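Each chain, letter by letter, is given below.
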Amino acid sequence: MGAPLSAKFTWSARNVGISVKQFKSMKHPRTGGMAWFIFRCSVFVALPFIATAQDREVSWKGLLPNLLEDQQSIWTFPARLNKPRDFLPTLAVGGIAAGLFLGADPPIAHYFRNTTSFGDFNHIFNGLNTSIAPALVPAGLLVAGLITKDKKMKDTALFTAEAVADAEIVATALKAATGRARPADLSPHSGFGDSFLEGKSALNSGSFPSGHTIAAFSAATIISRRYGKAHRWVPIAAYGVATAVAFSRMSLSAHFASDVFMGGVMGYSISRFTVLHE
């Protein structure tokens, strides 16, 4: 972890056919996805200069080192906010999240806390089903890749596992830091406004961000970026399922709208920019 930044990414320079000297002069190609509180949560819409011509290398042996490197990139992202390409998108996402927190969270939470209209939907997209799915996706891809001897599918499985693990680490840390109460923990007749630092103290019990959503969008983004160009239906299906998962977290009164929004943004950002290095 103490190696110079340029040394860590020498493989990227080789993939695009440039010299190490040229590579050192370019901007940082690794960006990741979040910050401690809702007003500083991060997303990357502006992309780095380097786009590798070949896939990033991935293997079982390299999974743990990749995770450690990913986490370093994610948690040090606030230090790179002095660059407009990082600061402006982050400011936009933070503004949207703040707007949801102030204006949309209370009425949406109140509605779902007091309605029974989504019983059938909630039965299908319950918490257990939507927590198992992100783990089954990489497992299914890996088995299919091994059976068909499809390297791209096996690599996609490992990328998905890495992205979901990265996302869950981030979500767990933020839940503990913000301690936000879930809508279901509040009275149906409450104002649903004062929720931060009011949640249960148990690990991973907080509401912000949505862990199910961040995992669902992490998996959906990896699969969409890997197969979307050749199969146009893949992003529609992948993000459609992820969106259904996100909606279910609100209809089950498990999360506020801002929790779900930031879960989706972080899941997308971590997968695309931190894991896939796009």
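Please read all numbers here as calculations on a predicted model, not as lab measurements.

Chemist: Would you mind going over the overall build of the protein with me for this structure?
Modeler: A count of helices and strands for the protein gives eleven helices and zero strands. Listed N to C, the secondary structure of the protein is α-α-α-α-α-α-α-α-α-α-α in terms of helices and strands. For the protein, with 278 residues in total, the buried portion stands at 50%. If you take every contact in the protein between residues at least 6 apart in sequence, the share linking residues at least 24 apart comes to 77%. With an accessible surface of roughly 13,100 Å², the protein has 66% of that area assigned to carbon and sulfur atoms.

Chemist: Hey, could you run me through a nonpolar patch on the surface in this one?
Modeler: Taken together, the side chains of Phe87, Leu88 and Leu91 present a nonpolar region at the surface, about 300 Å² in accessible area. Within the secondary structure, Phe87 sits in helix 5 (residues 84-113).

Chemist: What exactly am I supposed to notice about the nonpolar core here?
Modeler: In globular proteins that are soluble, nonpolar side chains generally tend to be buried together. Counting residues in hydrophobic clusters, the biggest one holds 22 residues, and the most contacted among them are Met262 and Ile270. Every element with two or more residues in this core is listed here: helix 5, helix 8 (151-178), helix 9 (211-227) and helix 11 (257-275). Here this core takes seven residues from helix 8, the largest share from any one element. Membership of the second largest hydrophobic core comes to eleven residues, among which are Ala220, Ala238, Met250 and Val260.

Chemist: Teacher, can you tell me more about helix 7 (residues 127-148) here?
Modeler: A turn of α-helix holds 3.6 residues, and therefore any two residues three or four places apart point the same way. Given a rise of 1.5 Å per residue, 22 residues ought to cover 32 Å, and the 32 Å separating the end C-alpha atoms of helix 7 matches this to within 8%. The largest bend in helix 7 amounts to roughly 30° and is located at Pro134. Listing the buried residues of helix 7 in full gives Thr130, Pro134, Pro138, Leu141, Leu142 and Gly145. On its buried face, helix 7 is in contact with helix 4 (60-75), helix 8, helix 9 and helix 10 (233-251). Measuring from the side-chain oxygen of the N-cap residue of helix 7 to the backbone nitrogen of Leu128 gives 3.1 Å; that N-cap residue is Asn126. Count one or two residues on from helix 7 and you reach Lys149, which has phi positive near 55°.

Chemist: What is the right way to look at the pattern of salt bridges in this model?
Modeler: When the charged atoms of two side chains with opposite charge come close together, those side chains can pair. In this structure the tally under the stated criterion is five salt bridges. The shortest N-O distance in the salt bridge between Lys151 and Asp155 comes to 2.6 Å. One end of the pair, Lys151, and the other, Asp155, are both in helix 8, four residues apart, so they sit about a helical turn from each other. Taking the relative accessible area as the measure of exposure, Lys151 reaches 56% and is therefore exposed. Among the charged side chains, a network of salt bridges with common partners joins Asp105, Arg180 and Asp259.

Chemist: Can you help me understand unusual backbone geometry in this one?
Modeler: Peptide bonds are mostly trans, and most non-glycine residues show a negative phi. Cis geometry is adopted by the peptide bond preceding Pro209, which originates at Phe208 and carries an omega value of -5°. For Pro209, the position within the fold is in the loop between helix 8 and helix 9. The backbone phi angle of Lys149 is positive, close to 55°, even though this residue is not glycine. Even without glycine at this site, Ser253 takes up a positive phi of about 60°. Here Ser253 is to be found in the loop between helix 10 and helix 11. Of the residues examined, Ser253 reaches a relative accessible area of 6% and is grouped as buried.

Chemist: Can you walk me through the packing of helix 5 against helix 11 in this structure?
Modeler: The geometry of a pair of packed helices is captured by two quantities: the angle between their axes and the separation between those axes. Between helix 5 and helix 11, the shortest axis-to-axis distance is 7 Å and the interhelical angle comes to 145°. Touching Val93, Ile96, Ala97, Leu100, Phe101, Asp105 and Ile108 of helix 5 are Ala257, Ser258, Phe261, Met262 and Val265, all from helix 11.

What counts and what doesn't
Position labels on residues start from 1 in each chain and follow its written sequence. Local features are withheld for residues below a pLDDT of 70 in this predicted model, meaning they are given only at 70 or higher, and side-chain atom pairs are given and counted only at 80 or more; totals for whole chains, interfaces and linings count all residues. Calculation of side-chain values draws on the structure's entire complement of heavy atoms; hydrogens and water are dropped beforehand. Here a strand is any run of E in DSSP of at least two residues, a helix any run of H or I of at least four, and the numbering for each starts at the N terminus. Accessible area is worked out with a 1.4 Å probe on protein chains only. A residue is then buried under 20% of its type maximum, exposed over 50%, and partly exposed in between. We call two residues in contact whenever any of their non-hydrogen atoms come within 4.5 Å of each other. Working definition of accessibility: Shrake-Rupley area with a 1.4 Å probe, residue cover restricted to the visible protein chains. Grouping into patches uses exposed residues only, defined as over 30% relative accessible area, and leaves out salt-bridged ones; the cut-off is 9 Å for like charges and 5 Å for nonpolar side chains (Val, Leu, Ile, Met, Phe, Trp, Tyr). By salt bridge we mean one thing: a side-chain nitrogen of Lys or Arg within 4 Å of a carboxyl oxygen of Asp or Glu. As used in this record, nonpolar core signifies buried Ala, Val, Leu, Ile, Met, Phe, Trp, Tyr and Cys residues forming a set joined through side-chain atoms within 4.5 Å. By this rule, a helix spans an expected 1.5 Å times one less than how many residues it contains. A residue's bend is given by the angle between axes fitted to the 7 residues ending at it and the 7 residues starting at it. Definition of a polar contact: a pair of N or O atoms within 3.5 Å, with one able to donate and the other able to accept a hydrogen when the atoms are protein atoms, and with sequence-neighbouring residues admitted only if both atoms are side-chain atoms. For helices, the fitted line uses only the C-alpha atoms of the stretch in contact; every axis is such a line through C-alpha atoms, and the angle between N-to-C directions lies from 0 to 180 degrees.

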